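# Structure assessment
What follows is the residue order along each chain.
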Amino acid sequence: MCVSLGPADFSGTTLYMGRLHHPEHGLVHVLGYQNTAVNRADGPNAMLLHLPARTMTQDNFLDVGRSSDVLERMVEAVRPRSVAAGGMAWMGHGTPTPEVQVFEHDIYTVLLASDPTALPAALHRVPAPRRPSLDPALLRFYAERYPGYAMAVCCFDNTEAAQAKPLLMWYPPLAPDVLTAPALDAHTGRPPGMVGKVPVDHWVLYGSDETPPDWGAPVDYGRGMRHRLREFLPAAVRGEHFSGLLPNGDFALGHADLLSRAPGRVARIAEPVG
């Protein structure tokens, strides 16, 4: 599961969707993303993540530090009680920040923009060993299909593909009551095909700071986690494992459904939210 700018194999994807009231930033959504990547390109490659965020900067990317197993701990918390996929939706769709930001995060050089078509002009700021090619047709696809979304292009050298820590980020959401996680699938550098089905192997986890008592599975994050990271994470999570073939699109979950005591409400959606 991923949109990449060159040939690559991605497996064992874990996604986390969270919602919380942060003491400084107010109501925010939190996205966690991790997979095992094998780069099949001859040179640099990149992952594309579209985010339903009102504004984003480098400060929205959280440093996991020594807690690189944070998403694995969430999966372990829910694995014994997981249920078959039910109602979580699989979906295919503020004030934007106009300029392209370029910064280093873990193994990646990240380009972050509110307008995908502005990305090529900033590509020269990516170090040559990590600088991929950007197909204008792919950028137009995102600009037309996900207007107002932030776009993160995570560039990596082909020797670094399997070494990444999980990506964790927070943002003010376009749709506060619908949690979403990017899950489009395309590994050619061309726009994703939105007809037919694609193979999936995903854990989708979710949490909130408004869940009732005894909701979900408590997560043991271990000792030594930074407070800056812990304050964005839930005390308990639920999760569902998706495998086989599904329509191409994202995952979505209404916050009211999240708060329900009945699990199995994540859905795959083909249209943007927000």
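What comes next concerns the included structure. (Residues numbered from 1 in each chain as written. Predicted model: local features only at pLDDT ≥ 70, side-chain atom pairs only at ≥ 80, totals over all residues. Heavy atoms only, no water.)

Glancing now at helix α2 (residues 136-145). Within α2, burial applies to A137, L138, L139, F141, Y142 and R145. Of the surrounding elements, those touching the buried residues of α2 are β1 (3-4), β4 (45-51) and β9 (150-156). For α2, the N-terminal cap is D135; the gap from its side-chain oxygen to the backbone nitrogen of A137 is 2.8 Å. (Buried < 20%, exposed > 50% of the residue type's maximum accessible area, 1.4 Å probe, protein only. Helix = DSSP H or I, 4+ residues; strand = E, 2+ residues; numbered from the N terminus. Contact = heavy atoms within 4.5 Å. Polar contact = N/O pair within 3.5 Å; in protein donor to acceptor, adjacent residues only side chain to side chain.)

With that out of the way, let us pick up the sheet that holds β1. Strand order in the open sheet formed by 5 strands is β1-β4-β9-β8-β7, and the pairing between neighbours is antiparallel. Taken across any chain shown, the strands that pair with only one partner, and hence form the sheet edges, are β1 and β7 (101-105). Judged from the 7 bridges that link them, β4 and β9 form a sheet pairing that is antiparallel. Counted as the bridge partner of L49 is A152 from β9. Here α2 sits on the sheet and contacts β1, β4 and β9; the angle it forms with β4, its principal contact strand, is near 15°. (Pairing = 2+ DSSP bridges. Axes fitted to C-alpha atoms, helices over the stretch in contact; angles between N-to-C directions.)

Let's shift gears to the environment of Y221. Structurally, Y221 can be placed in the loop between β13 (217-218) and α3 (227-230). In this structure Y221 touches V70, R73, M74, R230, L233 and P234, once residues within four positions along its chain are discounted. Only 2.7 Å separates the side chain of Y221 from the backbone oxygen of P234, close enough to count as a polar contact.

Side chains of β7 alternate between two faces, with Q101, F103 and H105 buried and V102 and E104 left unburied. Note that β7 and strand β8 (residues 108-113) share 5 bridges and pair antiparallel. In the strand pairing of β8, H105 is matched with Y108. Counted between consecutive antiparallel strands, the loop separating β7 from β8 contains 2 residues, among which D106 sits at a positive phi close to 55°.

According to the stated counting rule, one finds 7 salt bridges in the structure shown. A salt bridge links D177 to R19, with the nearest nitrogen and oxygen atoms 3.1 Å apart. What makes D177 partly exposed here is its relative accessible area of 49%. Take R19: its relative accessible area is 7%, and that puts it in the buried class. For E76, the salt bridge goes to R79, with nearest N and O atoms at 3.2 Å. By sharing partners, the salt bridges in this structure join R19, D177 and E210 into a single network. (Salt bridge = Lys/Arg side-chain N within 4 Å of Asp/Glu carboxyl O.)

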